[in-house]
Amino acid sequence: MMMPVADQTPPSPAAPVATIDRSNVIRIGRDEDNDIVLRDLWVSAKHAEIRRRSSGFVLVDLNSSNGLHYNGRRVPRATLSPGDVFTIGRHEFLWDGRAVYQHDDAGPTSVIADDLTVQIKGATLLDDVSFVLRHGTLLGVIGPSGCGKSTLLKSITGFRKPVMGNILYDGRDLYEHYSQLRYRIGMVPQDDVLHNQLTVRRALRFAASLRFATDVSRTERRQRVSEVIDLLGLTPRTRARIDKLSGGQRKRTSVALELLTEPSLLALDEPTSGLDPALDKEVMRELRLLADRGRTIMVVTHSVLHLDLCDYVLVMCLGGRMGYFGPPDELLPFFESADYADVFDKVTNEATYWAQQYRSSEQYRKYVGDVAAQLLVESRRKLLGNLELSDLDPEFSPLPTVRASQPVPDLRATGQGSLSAVAAKLAAAEAAAAAAVAPPDRAVVPAQAYPPESEYDPEPATSEMPLTPAMAAAVPASHAAPPTLGAPVAATPAAPAPAKPARRSAKATLNRNLDRVAAVVFRDALPPPLKDAPLKAMQDRSVAQQALHPVAPLRQYVTLCLRMVRVILADRGYSLFLLALPIALAILSRAVPGTLGLGADTPLGFNLEAQRRLAVFIVGASFMGVAIAIREIVSEGSIYRRERAIGLSPTSYLASKLTIFFIIDAIQVAIFIYLSMLGLPRPVEPLIFALPMLDIIVAVWLVAVASTSFALLASALVRTPEQTTPIMVVSVMFQLVLSGALFGVYNTPVLRYLAFLDPARWGMAASAASVSLPFLPPEIADPIWLHRQEYWIQPALIMLAQTVILVAATRLALRRFEPGAE
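Reading the values: rules and limits
- Residues numbered from 1 in each chain as written.
- Predicted model: local features only at pLDDT ≥ 70, side-chain atom pairs only at ≥ 80, totals over all residues.
- Heavy atoms only, no water.
- pLDDT = per-residue confidence, 0-100.
- Helix = DSSP H or I, 4+ residues; strand = E, 2+ residues; numbered from the N terminus.
- Contact = heavy atoms within 4.5 Å.
- Buried < 20%, exposed > 50% of the residue type's maximum accessible area, 1.4 Å probe, protein only.
- Expected span 1.5 Å × (residues − 1).
- Polar contact = N/O pair within 3.5 Å; in protein donor to acceptor, adjacent residues only side chain to side chain.
- Phe/Tyr/Trp six-rings, centres within 6.5 Å; stacked < 30°, edge-to-face > 60°.
- Salt bridge = Lys/Arg side-chain N within 4 Å of Asp/Glu carboxyl O.
- Arc of directions from axis to C-beta.

Per-chain confidence: the chain averages 74 in pLDDT, with 72% of residues scoring 70 or above. For the chain, the element scoring lowest by mean pLDDT is helix H14 (residues 528-531), at 32; helix H21 (residues 650-676) scores highest, at 95. Taken together, the stretch residues 384-427 has pLDDT below 50 and engages in 102 contacts with residues farther than four places along the chain or on a different chain. Counted against residues more than four places away or in other chains, residues 433-552, with its pLDDT under 50, gives 237 contacts.

Of note in the backbone geometry, asparagine 63 takes a positive phi value of approximately 55 degrees without being a glycine. Within the secondary structure, asparagine 63 sits in the loop between strand S5 (56-61) and strand S6 (68-70). Judged by relative accessible area, which is 32%, asparagine 63 ranks as partly exposed.

For helix H25 (residues 759-771), built from 13 residues, the straight-helix expectation of 18 Å at 1.5 Å per residue is met to within 8% by its first-to-last C-alpha distance of 18 Å. Among the 13 residues of H25, 13 are classified as buried, and the element is accordingly described as predominantly covered. Backbone nitrogen of alanine 760 and a side-chain oxygen of the N-cap are separated by 3.0 Å at the start of H25; the cap is aspartate 758.

Take the packing of aromatic side chains next. Under the defined criterion, the tally for this structure stands at 21 aromatic pairs. A centroid spacing of 5.5 Å and a plane angle of 40 degrees characterise the contact between tyrosine 324 and phenylalanine 334, whose relative ring orientation is tilted. A residue pair is termed long-range when its members are at least 10 positions apart, and tyrosine 324 in strand S21 (residues 321-326) and phenylalanine 334 in helix H7 (residues 331-335) qualify at 10 residues. Each of the two residues, tyrosine 324 as well as phenylalanine 334, counts as buried.

Counting across every chain of the model gives 26 salt bridges. Arginine 359 serves as the salt-bridge partner of aspartate 128, at 3.4 Å between the closest nitrogen and oxygen. Note that aspartate 128 is positioned in strand S13 (residues 123-133) and arginine 359 in helix H9 (residues 351-359), a separation of 231 residues in sequence. Residue aspartate 128 is classed as partly exposed on the basis of its relative accessible area, which comes to 32%. For aspartate 292, the salt bridge goes to arginine 288, with nearest N and O atoms at 2.9 Å. With aspartate 292 and arginine 288 both in helix H6 (residues 277-292) and four residues apart, the pair spans about one turn of that helix. For aspartate 292, a relative accessible area of 43% translates into the label partly exposed. We classify arginine 288 as buried; its relative accessible area is 15%. Three or more residues joined by partner-sharing salt bridges are found here, namely Arg27, Glu49 and Arg51.

Right, let's get into helix H23 (residues 724-738). For H23, which comprises 15 residues, the first-to-last C-alpha distance of 21 Å matches the rise-based estimate of 21 Å (1.5 Å per residue) to within 8%. Restricting attention to buried positions, one finds in H23 the residues Thr724, Met728, Ser731, Val732, Gln735 and Leu738. All buried residues of H23 fall inside an arc of 150 degrees around its axis, so they share one side. Looking one or two residues beyond H23, the residue adopting positive phi is glycine 740, at roughly 85 degrees.

Shown next, in the form of structure tokens:
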């Protein structure tokens, strides 16, 4: 449920959303027949269960699409203890040993950047940057080129981890909890993250298929796509190709892609780049409307025409330092400038001076230090269920006990408002509070029946037991003797569990509670011994279960294959190139003199023409295999990086590329060889397959497959598409020289071992064995060209092994596109 932007009051504690009943199971999912219904397309129909076991309670992932997170880590299965937190999408749950409490992160959210420093190869891209974003605000980031604006955005969204400093997302460390928080962050990079060949509607439908749960129906996905298209005013352009849209419409389409999953934080890098002033204003107005609807938005821009639409402006100085953060109407007076041109000149030529000036200014204390202190307290209140803590003074004294109904003092007056100092004091307070917790051996887990849901008191009562603030906030006082954190809950066979209420009554209760923000304790609020405890996950799944689990998502693979086919067919130029390439090579092969073809009977006793034609086949297959894939990954780098950040499987991505390209290789090779041999004699004696020409076609196809695998590896390693051209030329020449088709390489020691790495050499050997070229002169012939089955099978296996190695290397190379790997 979306909270109003103006309402920043932390939520109050709520009643549990579910308790263990007679069936000993709490089921969570999207379907209405679950005990806890989550109306979110990220969630699977049957997502997870809490099961009673003799030793306690177990949380089980029901082979969901997007998984679940237990105490901040993604797991398939875990043993639950009181105080544990598990997350499903934006829905977070606290288990108190008896019941489940729920909190939905439906936005808006706060962001605190604390002393961010980013260095790459000794160069400092960000230097001690600190700022604070309140709930549902719009921040504009400006500064001269090369000042670190894009780097800052990547750090805030999890793509580039700082070497120093922290990023707090509603009080939680972004990188520590990135696996679960990444679903709530939207990122629109400067480069478009959509395939330009697709229409707006089709591109968004493919994105929805990749991001939503696998069991979400096509109707539900299309309905959500239509809602987002209508929200951003793209309805008249739904059937238009993305490359036919105006600059503003393309940016709106990129924003629509992120809004499919309703992120709480949306970051945009240069969304107005290259737009005229009218479109610039249009984009900024739409971002203003999105912020007013409850999202926290960061936008990097070079334009200063419409900064008045922003709540805050962050000015970056050359060298990655922060020169100003505050309202736009105070920016020019701070720099004592009449226009933004003068401001840019000052932060470029006097970067150190203005960075120091702002750090010691009233604006820094007012808009960073004070606000950070307030937001940290608000986030702690939110995480602790708005519990009012006693004995908490402005100096963050230790907290020996936890009680209710006492006010929290105003924490904004904390020295000069230093953000690092505030964070340090809060950390000290949490450590002191954890030290006051009674050791586990002082508490006894009671053996008692679980009370009916109606007996739970939604209001917290005073507790004299020295619990952590989190547990005191989350566990209702009506529970006698709350269990110690981390202790397993024993089974209670003596007293039967209460009967489950009627389905209609239960649904009404659940629906009511789903609209209430419950008290939730997060990993940060747990005492250090529990925070650093080993994960209680049980990795005992069968191979069949692993195949169904999101580790190997078949749905993504199928969707990516279909999308790739659509992209190829939509790009007429590329489609014609794929069709024309084998035809052009077949025409060129006709330049080989002679009419003997691949026949074995010749007047000279050997067929030199056959050797030349096979050389053309092998080199042509090498060229086709490299040409179709050499730019594939590098040209989709921004698309893959964004999709990977929201959970795309790298294995599915690579497998889809290999599948489609290998099919294209087979078609091209078949066309190439068929047209090249049209009207010419063919081999008459089969070697492996029933048809002699099939022996040659498969051997040549294996060369193309290995060449395509090499091209994908090169594409994953280079930085720009332009770098692929020399690699393609060198690789084709390498295969031509070492194939043995021009001159013998077997008797030359150096070339013999180099040729072992060349797929063309083994493709030539398998093809020559199929044709039978044993009587060629010894300076040309290779000993493995004999007409024997083993001389076809061995080269074929070597080419397959080379392909497997290249594919594995490509999978490793994809790691450089991982979030935080830049």
